[in-house]
Amino acid sequence: MQLLGKACSFSIKRLTISQKLIGSEQESGKEIASFETQFITPEFQSLNRRALITSVIASCAVLPKSPVALAEDSSEAPQKERFTSAEVARLLSPIPTFTIVDKTGTPYMVVGEDAKMSAYFFTSFGEAERVLNLAKKSASRGLKELQTEKNGERKAAGQKPLTKEEIEVEVGLNPWESARISSVPLDFAVTLSNRGKLKGAYFRVAPREEDIDDALVVDKSDDLEEGKVPLFYFDDLELESGKENWSGSNKEIPLYFQKGQLLNEWKRRNPKKDIPEIKTTELFSLLTTLVQATSNSDADLEKLVIIAPKDSENKAALCEKRGGIEKPFKLGERILVL
């Protein structure tokens, strides 16, 4: 079974999410701190979540053929679809992703050097936490520099330093101080990502920077297009499951977001065996292949499962607890940080 040839498109230069969220060092603190709440549409906000997910996953079937085909259908006669959209959604729904929102669940969006307004769903809690901390520190530093500059101008003019109230007006507040990390299922994140531009905004599923670097090394490539998510696997790793998976199979071929997790699983199960060649595929190319699969496609497709990073389930529960009665993610609203 070959999951990857060139599933990932590596031609577009990568701009790290950290750079987008913390902004350019040349930006003033005022620009970093400015933000606004915007609305998308009441219609989008009221969409049935499950219907939205299955309809968007189904739309993958009309996308161009994935560069990587798990199996080629040699028959000219029309074949029955192998998996329903609901089944593919069940493959994704157990996997938590992590996103940055305010206390009410309104997502933060940033405008990067590509001029695209984007929100991110991180594949690991640690990456979301790291990026949020960087954003807070960068904004705080910019605000302090602007306050120092303002007070210097006032001193030269014989005026007193800014009061607390004046600081809020002339310098601004750190918009990231009210941010928290929330968790939503991967099927929800994939659904929004697949919609492309939505009322001027983009939604991205974002792997850790370390996972991107590992995938580039494995694939011997230079860069990974933003929005692509690498998955790691071994050809020879097939597990027996005590329960049926998303497709009804009792066997599993695991795909991991993190190379280290894959290696640890192999060593645990095969302590005396050599480590085989690590392979990579790409999440969205894989989903396209599943949606396009027919009754003649590779039988191993039904065994594929995606393994969440370690502690993701516990971190998702912690996010839910911290969020209290608030929604984990508000559709129809956004906080734009410039």
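The rules behind each value
One numbering rule holds for all chains: residues counted from 1, following each sequence as written. Since the coordinates come from a predicted model, pLDDT governs what is reported: local features require at least 70, and pairs of side-chain atoms require 80 or more to be given and counted, while whole-chain, interface and lining totals use all residues. Working from all heavy atoms in the structure, the side-chain values ignore hydrogens and water. A pair of aromatic rings is counted whenever rings of Phe, Tyr or Trp (Trp by its six-membered ring) have centres within 6.5 Å, and the orientation is called stacked for planes under 30 degrees apart, edge-to-face for over 60 and tilted otherwise. Numbered from the N terminus, helices here are DSSP runs of H or I no shorter than four residues, and strands are runs of E no shorter than two. Three exposure classes are used, based on accessible area relative to the maximum for each residue type with a 1.4 Å probe and protein chains only: buried under 20%, partly exposed in between, and exposed over 50%. The criterion is that NZ of a Lys, or CZ of an Arg, lies within 6 Å of the ring centre and within 35 degrees of the ring normal, and then a charge sits over that ring.

With that out of the way, let us pick up the packing of aromatic side chains. The full count for this structure, using the stated rule, is ten aromatic pairs. Ring centres 5.3 Å apart and planes at 40° place the aromatic pair Phe121 and Phe329 in the tilted group. Taken as a pair, Phe121 in strand β4 (residues 117-122) and Phe329 in the loop between α12 (312-323) and β12 (333-337) lie far apart in primary sequence, 208 residues in all. Note on accessibility: Phe121 and Phe329 belong to one class, buried. Relative to Phe329, the ring of Phe188 lies with its centre 5.6 Å away and its plane at 75°, an arrangement referred to as edge-to-face. Here the residue Phe188 occupies a position in helix α8 (residues 186-194), and Phe329 occupies one in the loop between α12 and β12, the gap between them amounting to 141 residues. Across the pair, Phe329 and Phe188 agree in class, each one buried. Of the aromatic side chains, those joined through ring pairs into one cluster are Phe121, Phe188, Phe203 and Phe329. We note Lys116 situated over the ring of Tyr202; from NZ or CZ to the ring centre the distance is 4.9 Å.

Even without glycine at this site, Lys220 takes up a positive phi of about 55°. Here Lys220 is to be found in the loop between α9 (209-219) and β7 (230-233).

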